[in-house]
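Chains, contacts and geometry: an overview
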Amino acid sequence: MRTIARILFWGFAAIGALVCAIAVAGIVFTVNVRDRAPTLPDVAVLELDLNRSIPEVRREEPILDTVPAPTFFELVQAIDAAALDDRIEGLYAQIGAEPLGMARAQELADAVRRFRATGKPTMVYADDLEALGDSGPEILVARAFNEVWLRPTGGVGLAGFAFEVPFAKDALDEWSVEAEFGQRHEFKGGADTFTKSHMPGPYHSSLRRLADGWFEQLSDGLAIDIEKGSRKANSVILNGPYLAEEARKLGLVDRLGYFDEFMARVDAKAGRGEEIESVGPVHYLAAVGETDTPAARIAVVQGQGAIGMGDEIFADEGFGAYEIAETLLDLSEDESIDAVLFRVDSPGGAYGPSDEVWRAVGKVQETGKPVVVSMGDYAASGGYFVSTSADRIVAQPGTLTGSIGVYAGKFATQQLWEKLGINWGRVAVGPNAGMYSSVGKFSPSQQAKFDAGLDFVYEDFTQKVSAGRGLTGAALDDAARGRIWTGRQALEIGLVDRLGGYREALDELRSLLNISSDAELAFEVLPKPHDPWEEFAEWLDEGGSMNDLVAQILAPKLAGETRRQLEASVGDLTPLIPH
């Protein structure tokens, strides 16, 4: 055990019409106990807290010496390893407070079913299953357990899927703001939210296809786990939401009770009548350790969020394309690594950074190392771009993927300023200088340049999809034009190779490496989490100013919040061209 001093910096800022920022620094001294390998009791149950957000990427090491929340990869690995561990008597979880995406819900449900197939008890408890929302993915996971418990005053918000998208043209017209956007092509609906007053037909058909696909998958999943046919499962979904007793009678939950009663049941089922110790996924995996003689070493490269540069110090938001690209390029030269499992969970992002990652994937493949992509909830637009050249692509049935297209644009605000009595002066040398100004409209020559840029990106994107997936002509056109697909639909048209998650992606890697289907693997998870102490020390060494530090902390947070709001409203995060 060793003791180290750590500095904990917290930045607080108040931002209004006049921006001011105040930073306060504090010092926390703590004891580092992570050097000590944890041990497992002789008898235990694996505990999952699905009420917390489950990140794909651990971006930072904990500042205090606490056990971090498990990543999604750790969660799945722990469930599969514990299923075969004689010391683990059962599995229990809490669920319902944190919404799940459809694809990751399917992957979790599959992992629970594999554990359940060993004959060990599996139990899950919910205070509430989104009684005021749409709990399809959550009930899909919950119903994979042997026993589902619900608090008697809870409910199950099972009611299908709904999307609501704002269309702002009328409001922009009211403010005399002109949205000068373009998209390639009609199904790439990101620009429509600014240029249309109502949802256009292609946008509607895309969302309807997605909703229908998810509904069918939810119905199929529930038909298995509540032992009803698909037609009856459809009826159960269509007639929700449900109060607790209604949900019990329909087989959506098994027992109504409170958490202490649930834990007594866990002890009775898994603890042989006595209170039993529980272990979390991170503790469990650390105690188990790696195999001594792996057949291959796999680099697990994880990218989550909107794709951008992501090179800011203290940044913790988004898919840092340059960091991911650098990681992949390093792996191309690392002789200790045999293959790459690239996990992509991204709704899209900037074209240039996405291209950097696409190129880096190719550099790994040039060395003879196979690359398999495992898709999470999203691998759309830029998320599909970075995946398209992989040797194999694996997606869940519910993964939102495709969206092969591009949109961009700007807002022209000159009429608004004139109404406010503000006149902008302008000096420019060159007919297209300042073309992305947010004041004036595109001139005809500027519009031509803008359109040429959109055409170039779309052509480059589709050519790379054609090379990576072997799609040409009509097949490529049918898959592209901005259409979105579920993973199941994407498999049918050749955009992905197999349905599944981490487990199936690892099976594909074993096949590409010509090793047995049950061969043990060792994993190097990358990029490594950032150490806040080291980053703060670097900032001090480089003589950083307080303003710089506040900006580094605040900018990613504000950008991340903007991305989340945009995702909630339009569901397409391809950024606008800077102006």
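Structure: see above.
Let me begin by describing the structure that accompanies this report.

A few points about the overall build of the protein
A tally of helices and strands in the protein yields 20 helices and 22 strands. In the protein, buried positions account for 48% of the 579 residues. Across the protein, every contact between residues at least 6 apart in sequence was considered, and the portion connecting residues at least 24 apart equals 77%. Total accessible area on the protein is roughly 26,500 Å²; 52% of this is exposed by carbon and sulfur atoms.

Digging into the environment of Ile324
Take Ile324: it is sitting in helix H11 (residues 321-332). Taking the C-alpha atoms as reference, Ile324 lies 9.6 Å from Met309; in sequence the two are 15 residues apart. When residues no more than four places from it in sequence are discounted, the contact partners of Ile324 are Val301, Gln302, Gly303, Phe319, Phe342, Val357 and Pro527.

Notes on the packing of aromatic side chains
Counted by the stated rule, this structure contains 20 aromatic pairs. Look at Phe385 and Phe461: their rings are 4.9 Å apart centre to centre, the planes differ by 20 degrees, and that puts the pair in the stacked class. Placement of the pair is Phe385 in helix H13 (residues 382-385) and Phe461 in helix H15 (residues 444-469), with a sequence separation of 76 residues. Side by side, Phe385 and Phe461 carry an identical accessibility label, which is buried. A ring pair is formed by Trp417 and Trp424, whose centres lie 5.6 Å apart and whose planes are at 65 degrees; its orientation type is edge-to-face. We classify Trp417 as partly exposed; its relative accessible area is 25%. Overall, the relative accessible area of 52% leaves Trp424 in the exposed class. Every member of this aromatic cluster is reached through a ring pair, and the members are Tyr92, Tyr125, Trp149, Phe259 and Phe262. Across the ring face of Trp485, the terminal group of Arg209 is positioned such that the distance to the ring centre comes to 4.5 Å. Sitting over the face of the ring of Trp358, Lys464 holds its NZ or CZ atom 4.1 Å from the ring centroid.

Examining helix H9 (residues 259-270)
With 12 residues, H9 extends 16 Å from end C-alpha to end C-alpha; this agrees with the ideal 16 Å at 1.5 Å per step. Inspection of H9 places Phe262, Met263, Val266, Asp267 and Ala270 among the buried residues, and these make up the whole buried set. What you see down the axis of H9 is that its buried residues fit within an arc of 140 degrees, all on one side. Residues of H9 that are buried sit in contact with strand S3 (44-49), strand S4 (88-94), strand S5 (122-126) and strand S6 (147-150).

Description of a nonpolar patch on the surface
A contiguous nonpolar surface patch, about 330 Å² in accessible area, is contributed by Leu420, Ile422 and Trp424. Here Leu420 lies in the loop between helix H14 (414-419) and H15. Residue Leu420 is classed as exposed on the basis of its relative accessible area, which comes to 54%.

Observations concerning the side chain of Glu56
On the secondary structure map, Glu56 appears in the loop between S3 and helix H1 (72-83). The residues contacting Glu56, other than those within four sequence positions of it, are Thr71, Phe72, Arg104, Gln302, Gln304, Arg343, Asp345 and Tyr502.

Quick word on empty space enclosed by the protein
If you walk through the whole model with that rule in mind, you get one cavity of 30 Å³ or more. The space that makes up the largest cavity amounts to roughly 40 Å³. In this structure, the largest cavity is lined by Val76, Glu107, Asp110, Arg114, Gln396, Gly501, Tyr502, Arg503 and Glu504. Split into classes, the residues belonging to the lining of the largest cavity amount to two nonpolar, two polar and five charged.

Brief notes about unusual backbone geometry
Backbone torsion omega between Arg184 and His185 reads 5 degrees, so that peptide bond is classified as cis. Tracing the backbone through its elements, the reader meets His185 in the loop between strand S8 (178-184) and helix H5 (192-195). Residue Gly240 is joined to Pro241 through a cis peptide bond whose omega torsion reads 0 degrees. By the secondary structure assignment, Pro241 is in the loop between helix H7 (230-238) and strand S9 (242-243). The phi torsion at Ser403 lies on the positive side, around 55 degrees, for a residue other than glycine. As for its placement among the helices and strands, Ser403 is situated in the loop between strand S18 (400-402) and strand S19 (406-412). We classify Ser403 as buried; its relative accessible area is 3%.

Rules behind the numbers
- Residues numbered from 1 in each chain as written.
- Predicted model: local features only at pLDDT ≥ 70, side-chain atom pairs only at ≥ 80, totals over all residues.
- Heavy atoms only, no water.
- Helix = DSSP H or I, 4+ residues; strand = E, 2+ residues; numbered from the N terminus.
- Buried < 20%, exposed > 50% of the residue type's maximum accessible area, 1.4 Å probe, protein only.
- Contact = heavy atoms within 4.5 Å.
- Areas by Shrake-Rupley, 256 points an atom, 1.4 Å probe, with all protein chains shown as cover.
- Phe/Tyr/Trp six-rings, centres within 6.5 Å; stacked < 30°, edge-to-face > 60°.
- Lys NZ or Arg CZ within 6 Å of the ring centre and 35° of its normal.
- Expected span 1.5 Å × (residues − 1).
- Arc of directions from axis to C-beta.
- Patch = residues over 30% accessible without salt bridge, like charges linked within 9 Å, V, L, I, M, F, W, Y side chains within 5 Å.
- Salt bridge = Lys/Arg side-chain N within 4 Å of Asp/Glu carboxyl O.
- 1 Å grid on protein atoms, 1.4 Å probe; cavity = no way out; pocket = protein on both sides within 12 Å on 5 of 7 lines; lining within 4 Å.
- Points joined across faces, edges and corners; volume = space filled by probe spheres on them.
- Nonpolar A, V, L, I, M, F, W, Y, C, P; charged D, E, K, R; others polar.

Nothing here speaks to function; it is all geometry.
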